[in-house]
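Observations on the model geometry
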Amino acid sequence: MKRVIRCLLAGAALSITTLGVSAADVKPAALIIAQGGLGDGSWNDTANAGFQAGLTATGITGKAIESKDVVAQGEEIMRRAADGGFGLVASLEWIHGEPMEKLAADYPDVNWVIMNQTRKGDNVASVVFAEHQGSFLAGALAAQVTVDTSIKGINEQAVIGVIGGVKAPGIDKFIVGYIQGAKAINPDIEVKVAYSESFGDPAKGEQLAKAMFNEGADIVYQVAGGTGIGIIEAAKAEGKFAIGVDTDQDSMAPGNVLTSMVKRVDVATESIIRDYADGKFPGGKVLQFGLDVKGVALSDMNHTKDIIPETYLARVDALKADIISGKIEVWDVSASGYPDFFK
Amino acid sequence: MSATIVQPRGSVEIRIGANRIFKSYGSVQANRNVSISVGPRQIHAVVGENGAGKSTLMRALQGLETVDGGEVIVDDLPVRFSGPQQAISEGIGMVHQEFMLAPELTLLENLVLGDEPTRPSFGFLQTVDWDVALGEARQIGERAGISIDWHRSTSTAPVHIQQYVEIFRLLRRGSDVLILDEPTAVLAPQQVEQLFGLLRQLRENGASIIFISHKLQEVEALADHVTIMRKGETVASASVDEMNTSQMTRYIMGENAKAAQQTRGEPGRPKDTGAPLAKITGLNAHTANAQQPLYNISMDVSCGEIVGIAGVAGNGQEELIECLVGLRKAQSGSISINNAELYNAENASFRAHGQGYVSPDRAHEGLAKSATIEANVMAGSQREPAFLRGPMLDRTAFRKEARARLDRLDVQYGTLNDPVSSLSGGNQQKLVFARETARHPKLLVVSQPTRGVDLNGIATIHSYLLSHRETGGSVVLASEELDELMFLCDRILVMSMGRFVGEVSRAEFSPQKIGELMLADPLPQKAANG
Amino acid sequence: MVDGGSENVVAIDARPPRWTLAAENAMRFSLPVLLAFLAGAVLLLAIGENPVAIYQLMLSEGFGSERRIAATLSASTPLLFTAVATAVCFRSGVFNVGVDGAFVLGGLGAAVIGYALPVALGWTIAPLAIGSAMLIAAFWLWVPGVLLAKLEVDEVVSTLMLNFVALGISGFLVNSVFLSETSGNNTTETIHEVAELSRLLPPSTLHSGFLLGLLCVLGYAFWTQRTPQGFEAALVGFNNRFARSVGISVPGTIILVMIISGLVSGAGGAAHALGQVHKFSDGFSAGYGFTGMAIALLARNSAIGILLGAILFGALASAGTTVQLFSDIPLDIVNVIEGTVMIFAVVELGRLTLWRGTGQ
């Protein structure tokens, strides 16, 4: 029996070594797919596309790993990858952050990547997105559109809204950027803020959004996950506008989603693979993917770009250039705490 | 009678038969060298104990079973049936104990189901021509001398009418070989005579009838020829004129024939304590799931008597028994045992007051078929202190008691862990008695105690019931076997349409008297069907 | 139906010897598994992979070293609970498919207690959390139990629906009231370190919840074989008309097995929260309740079968994932194998075994 197992182990080891000898002589990379799996048309698929593009460009071998039980199995999967000779282990699953911190200490020679959070360790790269920058542009666009009564569904009042999932720094980062962007266009604009106290309650989102529309707001930015589906529904029902978040949500209600503030996780995964291949893995760093590297962006606005005057978009582009050049600094709540204009 | 309702096929010697059939299931040899030959114009009885191999033989004759050796014979020639369809097309049909009628359809619909007369409509569709169907139905009924309300829904039709429809359906499809499996079990004596009349008529028309029965008087009265099976073999085959019932019994029982000899002593009732042991007063039960509601049922049961409940199947006996053991809720009335009021109590309460219950439905209620012998014989005793050690079952004591119970009723079994379905019908029923009498109940409520039980088993069960009576115990006994009731009971209460329609004391017992009561209509303004 | 077969079973001496029964049980377990792997092999061949090599790899990923064995047992831990919770009901003929929901709610309860109680309570937090989880889940399944026992509300429908309700409730709570302030979406705070269940073979995530799961399997075996209630529950499962007619309270038994099922589900959820995830989050249960159901069916409710089945499915989960690191086969292959085992387990292929000869 023992010999059988040894044979099998040898077989496994053999296949590991064949994988290990890659074109660039760099150890292979593993990308752990988050809940929802591949084929979600969103976070996982986008990240995997960047990952695969990075592999193709660098000639490194790599595997995207799916598990039905990704929440509970994360630590075992990552440990196996580290044991199995992988040089880079990236996880798209938020909940893997804590175990990864421990694993990084156990496996100092392996490079680790986690998303949307900051984790300690010289061999851990934390990928965050400059959502405040993207939100700034969303606010700037909304502030221009909200007074243009030539656009159907828009009233003359300079009032826009934003609905967050909960009152927490991670969410207020979006909200503050949005407000700052709006004020950059019109310092007197009123930005209504509400929290749904839940990320999974579309009915509540719809209710809150309708209340805002009734109070004169005609564009509402959703920063509330699943609750936001209700916000977009409300915009569709009332003939108003919503702004999507994280992924391109424009087509969820074509014509009623003004734009979406998109996190380009594919940009992040591809860039990290390239750095890793070049021997420049950004261990110990917090990588902020902002407007400069297209880590965040407004969507292509396929359904709305014809109704938005060219000049507004040009103004947004100009602001974007100013942010990239450093001329405008957008307040980052997660790094600097709350600003005076938003407590 | 101008036309016949049977369509006989040519003249042959053997219309249907079997030649040296062998069939085994695993290691069980169900048929061993079995031969039978049934000519046209013949009623051929097949008798034998349960497990003698009758069913296997019948399945082979219907093409439901491929035999291991030997051959089925149709019209003097050996055939190899490809399946039941071929047997049907050869004119072979079977009337099962449980009829194959769809209860929600009318009798007419059941009659023509699967072979409906059609007429073209709209030029291209075929629709059922109900006028033609009804005409055919009336014609068949007329020729058989039976009037049937063909538009009646099957579920409400009397059992004997359903049986006719079942037979007519086969005849209409051109069957001239009819296999009837214990057809009289569900009939009152007068209805039995009516059925026999029909069967004799069919015989005159040329039909071949295989009549499976264990009532030897009926065999003698009806059949021309009898084939007797025992332990998978044909042990005798003779003209009924050449064999009397006691000879038949000897062949059926083999060397055990003596054990079946039964006598019932006529001891006076043991000391009458005055107050009845059980008292039922004004019981009314008409819940939604009752086939036959009960109306104003009252009866007393004294110590040391066996009270019979007779009636044509489906006239409320089942419902009454269920009320008596706490398995059916009533709407009003009173049931007391030993002066304890138990109206609508749970079964466990009845048991706690000294009741045992032998269910009529051994397969679905009396036993848990796939459970072990041990579980079946000990069920209900699992909380008795004698079998507990703290909160745990004392498995040693449990198994010891299981063996003791089985031995007391002489149950033949392999090991306690075998499924109870491995036992023969008789041993299964003895096991039920072993369980139900283990706690020495004062009142036994027993329904159809010998259904599907071989003669040896019947003997054991009958003598047990009598000894229970003689030691002062009481029995309420419902049975569709009139002979059994007349043999065992001190008096018989007759039910019809959910009511007691009469009481017959032992001195007055006769099939005619009880049979008349069974057919009595307690609601004279309503005409009886058929 | 005509009971035509019963007459044939007459000879007592013709009963199959005991070893054939044991062999039949073994067959009933292994046949679906073998067929499923065969189906997987066909699929592997179809996508141009060598099934032998892949299965070798899977075997070594599942059991090839102490760490991999520990990973397999870790993955099988929640399944021990859910399979027992399912079997205890199935055994009584109660088709409770609501174990998953009870597991999730128990896990949420345990996680909340695990972080919300003052850390000064120390080691007492874990038992408190487990106990509360068991009570929550027991109450959760008591409801459909009562509905079935008293009102004859179909338990398949009610428990299936309650799964959605449980997911909805837990999803709402973890996104609102119990949402961690320091983390992103959908998770509670991490539980106190003192409330964690200890790890058995560090660094593997195998934790003492596995032992608790084994205890549940043992307790289940003991309950079924050695207690009057377990005996009654079996009789209700064999034939509830029969059970009722020998004086057993069928409604009482139904409610009892539902409560036991809830207690075990809750303990499983608590073990998973305190030992594995250390918090509650969306995706807390990867359908453990449903995998547990497949295991209970495969095991024909036997304790030993549950243990083997849980390990098998645990191995498929752990090896099925890590095998992707060292080969090019997608997770779908493992899903096919799991699904096929489930289908064949349900079909009761054992009944078609040839030596019985007849379709009784």
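What counts, and at which threshold
Residues numbered from 1 in each chain as written. Chains lettered and ligands numbered in written order. Predicted model: local features only at pLDDT ≥ 70, side-chain atom pairs only at ≥ 80, totals over all residues. Helix = DSSP H or I, 4+ residues; strand = E, 2+ residues; numbered from the N terminus. Rg over C-alpha atoms; globule rule 2.2 N^0.38 Å. Buried ≥ 20, exposed ≤ 12 C-beta atoms within 10 Å, placed from the backbone. Contact = placed C-beta atoms within 7 Å. Nonpolar A, V, L, I, M, F, W, Y, C, P; charged D, E, K, R; others polar. Domains from an automatic or database assignment. Pairing = 2+ DSSP bridges. Axes fitted to C-alpha atoms, helices over the stretch in contact; angles between N-to-C directions.

Considering the overall build of chain B
Helices and strands together make up the secondary structure of chain B, namely 17 helices and 24 strands. In terms of overall size, chain B behaves like a compact globule, its C-alpha atoms giving a radius of gyration of 25 Å where 530 residues would be expected to give roughly 24 Å. Within chain B, the proportion of its 530 residues that are buried is 47%. Sequence separation of at least 24 residues holds for 69% of the intrachain contacts in chain B that already meet a minimum separation of 6.

Notes on the overall build of chain A
Assigned secondary structure in chain A consists of 11 helices and 12 strands. On C-alpha atoms alone, chain A measures out to a radius of gyration of 22 Å, which is about the 20 Å that the 2.2 N^0.38 rule sets for 343 residues. If you line up chain A on its principal axes, its C-alpha atoms span 80 × 40 × 35 Å. For chain A, the residues scored as buried account for 56% of the 343 residues in total. The contacts in chain A between residues at least 6 apart in sequence include a share of 66% that link residues at least 24 apart.

Thoughts on the interface of chain C and chain A
With 39 residues of chain C in contact, the opposing surface of chain A contributes 43 residues. Breaking the side of chain C that touches chain A down by element, the ones donating at least two residues are α2 (51-63), α3 (66-90), α6 (155-174), α10 (250-277) and α12 (303-326) of chain C. The element best represented in the side of chain C that touches chain A is α12(C), accounting for 7 residues. In terms of residue class, the side of chain C that touches chain A is built from 14 nonpolar, 23 polar and 2 charged.

Examining the domain arrangement of chain B
All names here are of chain B. Taken domain by domain, chain B comprises domain 1 (1-91 + 175-257), domain 2 (98-173) and domain 3 (278-369 + 440-518). Here domain 1 and domain 2 have C-alpha centroids that lie 26 Å from each other. In this assembly, 12 residues from domain 1 lie in contact with 10 residues from domain 2. Take the side of domain 1 that touches domain 2: its biggest share by element is 3 residues, from helix α6 (residues 189-204). Grouping the amino acids of the side of domain 1 that touches domain 2 by side-chain chemistry returns 9 nonpolar, 3 polar and no charged.

Some words on the arrangement of the chains
The chain pair with the greatest number of contacts, out of 2 pairs of chains in contact, is formed by chains A and C. With no contact formed, the shortest span from any C-alpha in chain A to any C-alpha in chain B equals 36 Å.

A few points about unusual backbone geometry
Put simply, C:P202 and C:P203 share a cis peptide bond, and its omega is 5°. Relative to the assigned elements, C:P203 resides in the loop between α6 and α7 (209-226). Even without glycine at this site, B:D75 takes up a positive phi of about 50°. Mapping B:D75 onto the fold places it in the loop between β4 (69-74) and β5 (77-79). Overall, the presence of 17 C-beta atoms within 10 Å leaves B:D75 in the partly exposed class. We note that B:N344 has phi near 60°; this positive angle belongs to a residue other than glycine. Along the polypeptide, B:N344 turns up in the loop between β17 (340-341) and α10 (347-352). A tally of 17 C-beta atoms within 10 Å means that B:N344 is categorised as partly exposed.

Describing the sheet that holds strand β1 (residues 16-25) of chain B
All names here are of chain B. Across the sheet, which stays open at both edges, the 4 strands sit in the order β2-β1-β4-β5 with antiparallel pairing between neighbours. Bordering the open sheet on either side are β2 (28-38) and β5, each of which pairs with just one other strand. Going from strand to strand, the sheet's axes swing by 30° on average, the running direction of each strand aside. Examined bridge by bridge, β1 and β2 share 7 bridges and lie antiparallel to one another. Bridge pairing links A18 to I36 in β2. The sheet strands contacting helix α1 (residues 54-61) are β1, β2 and β4, and the helix crosses β1 at an angle near 120°.

Considering helix α4 (residues 97-106) of chain A
Buried within α4(A) we find A:G97, A:E98, A:M100, A:L103 and A:A104. Looking at the packing, one finds that the buried side of α4(A) touches α3 (70-83), β3 (88-91), β4 (111-115) and β5 (124-129) of chain A.

Thoughts on the domain arrangement of chain A
Annotation of chain A at the domain level lists domain 1 (2-121) and domain 2 (131-262 + 297-336). On a C-alpha basis, the centres of domain 1 of chain A and domain 2 of chain A stand 36 Å from each other.

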